[in-house]
Amino acid sequence: MNALSPDSADPGRIVLLTTSHRVAPGLLSWPAWQALRAADRVLCADGTHPQLPYLREAGIRVDEASPAAEDLIGACAGGHTVVVVATGEGEPALTGQLARLAGSGRVAMPELELLPASYDLPGARLLDLVQVMDRIRVACPWSSRQTHEDLVKYGIEEAYELVEAIEDGDREELREELGDVLLQVVFHARIAEDHPEAPFSVDDVAATLVAKLVHRHPHVFGDATVETPEEVRAQWLRTKAVEKRRTSVTEGIPLGQPGLALAAKLASRVRTAGLDVPLPRGGGVGYELLALAARAEAGGTDPETALRAAARAYRDAIRAAEDAGRPPGPGPADGTDATDATDGTGA
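Residues numbered from 1 in each chain as written. Predicted model: local features only at pLDDT ≥ 70, side-chain atom pairs only at ≥ 80, totals over all residues. Heavy atoms only, no water.

Draft legend 1. Inspection of the overall build of the protein at higher detail. Per the secondary structure count, the protein includes 14 helices and 5 strands. For the protein, the C-alpha radius of gyration of 31 Å lies well beyond 20 Å, the compact-globule estimate for 347 residues. Over its C-alpha atoms, taken along the principal directions, the protein stretches across nearly 100 × 60 × 45 Å. For the protein, the residues scored as buried account for 26% of the 347 residues in total. Element-wise, carbon and sulfur atoms account for 57% of the exposed surface of the protein, whose accessible area totals about 22,500 Å². One finds the centroid of the 34 positive side-chain charges in the protein at a distance of 4 Å from the centroid of its 53 negative side-chain charges. (Helix = DSSP H or I, 4+ residues; strand = E, 2+ residues; numbered from the N terminus. Rg over C-alpha atoms; globule rule 2.2 N^0.38 Å. Buried < 20%, exposed > 50% of the residue type's maximum accessible area, 1.4 Å probe, protein only. Areas by Shrake-Rupley, 256 points an atom, 1.4 Å probe, with all protein chains shown as cover. Lys, Arg positive; Asp, Glu negative; His and termini not counted. Charge placed at Lys NZ, Arg CZ, Asp CG, Glu CD.)

Draft legend 2. Fine view of the sheet that holds strand β2 (residues 41-44). On the basis of which strands lie adjacent, the open sheet formed by 5 strands has the order β3-β2-β4-β1-β5 and parallel pairing. Looking at the sheet topology across the chains shown, the edges are occupied by β3 (63-64) and β5 (111-116). Helix α3 (residues 69-76) rests against β1 (13-18), β2 and β4 (81-85) of the sheet, and its axis sits at about 140° to β4. (Pairing = 2+ DSSP bridges. Contact = heavy atoms within 4.5 Å. Axes fitted to C-alpha atoms, helices over the stretch in contact; angles between N-to-C directions.)

Draft legend 3. Inspection of the packing of aromatic side chains at higher detail. In this structure the tally under the stated criterion is 2 aromatic pairs. Taking NZ or CZ as reference, Arg216 lies 4.8 Å from the ring centre of Trp236, over its face. (Phe/Tyr/Trp six-rings, centres within 6.5 Å; stacked < 30°, edge-to-face > 60°. Lys NZ or Arg CZ within 6 Å of the ring centre and 35° of its normal.)

Draft legend 4. Molecular detail of a nonpolar patch on the surface. Together, Leu126, Leu182, Val185, Phe200 and Val205 give the surface a local cluster of nonpolar side chains, amounting to about 380 Å² of exposed area. Along the chain, Phe200 turns up in the loop between α7 (171-193) and α8 (202-215). (Patch = residues over 30% accessible without salt bridge, like charges linked within 9 Å, V, L, I, M, F, W, Y side chains within 5 Å. Salt bridge = Lys/Arg side-chain N within 4 Å of Asp/Glu carboxyl O.)

Draft legend 5. Structural detail: the pattern of salt bridges. Summed over the entire model, instances satisfying the criterion amount to 15 salt bridges. Here Arg125 and Asp128 are joined by a salt bridge, their closest N and O atoms 2.8 Å apart. Residue Arg125 and its partner Asp128 are both found in helix α5 (residues 125-139); the two are separated by 3 residues, about one turn of the helix. For Glu167, the salt bridge goes to Arg312, with nearest N and O atoms at 3.3 Å. Residue Glu167 is located in helix α6 (residues 148-168), and its partner Arg312 is located in helix α13 (residues 303-323); the two are separated by 145 residues in the primary sequence. With relative accessibility at 28%, the residue Glu167 sits in the partly exposed group.

Draft legend 6. Here's a closer look at the side chain of Arg216. The residue Arg216 is located in the loop between α8 and α9 (218-221) in this model. Here Arg216 falls in the buried class, since its relative accessible area comes to 3%. With residues up to four places along the chain from it excluded, the contact list for Arg216 reads Gln235, Trp236, Thr239, Lys240, Glu243 and Lys244.

Draft legend 7. Fine view of the nonpolar core. One finds Leu17, Leu36, Val42 and Leu55 to be the most contacted residues of the largest nonpolar core, which totals 18 residues. When residues of this core are traced back to their parent elements, those giving at least two are β1, α1 (30-38), β2, α2 (52-57) and β4. If you tally residues by element for this core, the top one is α1, at 4 residues. With 13 residues, the next largest nonpolar core counts Ile14, Leu43, Ala69 and Val82 among its residues. (Core = buried A, V, L, I, M, F, W, Y, C linked by side-chain atoms within 4.5 Å.)

Draft legend 8. Structural view of the pairing of β4. Among the 5 residues of β4, 5 are classified as buried, and the element is accordingly described as predominantly covered. When β1 meets β4, the two strands line up parallel, connected through 5 bridges. Counterpart to Val15 in the pairing with β4 is Val83. Taken together, the 3 bridges between β2 and β4 define a ladder with parallel strand orientation. From the neighbouring strand, Arg41 faces β4, where its bridge partner is Val82.

Draft legend 9. Highlighting the packing of helix α11 (residues 259-273) against helix α12 (residues 285-298). It is at 8 Å that the axes of α11 and α12 come closest, and there the two elements cross at 55°. Judged on the interaxial angle alone, α12 and α11 are oblique. Here α11 and α12 pass one another in a crossing that is right-handed. Of α12, the residues touching α11 (which contributes Leu260, Ala263, Ala264, Ala267, Ser268 and Arg271) are Leu289, Leu290, Ala293, Ala294, Glu297 and Ala298. Looking at the contact of α11 with α12 residue by residue, the classes come out as 9 nonpolar, 1 polar and 2 charged. (Parallel < 35°, antiparallel > 145°, perpendicular 65-115°, else oblique. Left-handed = near helix turned anticlockwise from the far one by under 90°. Nonpolar A, V, L, I, M, F, W, Y, C, P; charged D, E, K, R; others polar.)

Draft legend 10. View of the environment of Gln51. Topologically, Gln51 is positioned in the loop between β2 and α2. Residue classification places Gln51 among the buried residues on the basis of a relative accessible area of 4%. A sequence separation of 27 residues divides Gln51 from Ala24, and the C-alpha atoms of the two residues are 9.0 Å apart. If we ignore the near neighbours within four places in the chain, the residues touching Gln51 are Thr19, Pro25, Gly26 and Leu28.

And the structure:
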């Protein structure tokens, strides 16, 4: 430690050193190392703080202590510098005491500096999510018993709730629903870790996704050149076909999706591949809807989204009629709800 020349008139300096638990211990900023090496004393209230072994390995003496604000001010008197390595909570009790003393005007206060020693990178809070999910998976009686199959219905529900938040334009709801969808991904990845024969983790999921995105964007990460969104899409599909060794443009299209979306997806694949495949002719509303979906897709309109928008407008009209005391139609004679009687869902 380097000692400073004492000056009885100099109240000294307190440095509150904060670190992020989302960054590997020992990876501190250069200003942080400078402050630590120049300090007269380095204090830390938590003897198990993850930074301490690395500080001591670097020759920094750290005293395990949690002084009151008055004692800390006394240690700084005479021009000394004391570095406090903050715990995860950021030492709110100490900073509160210092603020009250400063406000009293009775004490010559040291210079107080908040020095972040490490910073969160974008996406760092995902580490918290993984940690929380791991704990829940182990300790929660319900979560510890869930399987991939058990969660399927929740994944579908959360996807539709995300769609609704987007349609409503509610930013706060959108943020929450994105979190719920992300939860499904992390939950499934955590379940996958427990597989006895073919386990994988959320890191494996992320690594696979990163590799896929880089490979399918050679115009971003390589030398390929594209000019329009249509060219990007065509390139994506070509790359995907090679990756999957697909022999048909229809491969990989989930048949379980809503019918209108399925029809539009098939039409999109045909158009992007440059195929000339006439629509099948047949009677009934199904073929009419297929033709409408293909026409909408060719015109740049997602038919599923368009139908949902029209249906929401219809819902609003129904509610307006109900509010005005003019229901769409008479209820059943037995007095049951009209919705239950007509659509059979009972929902």
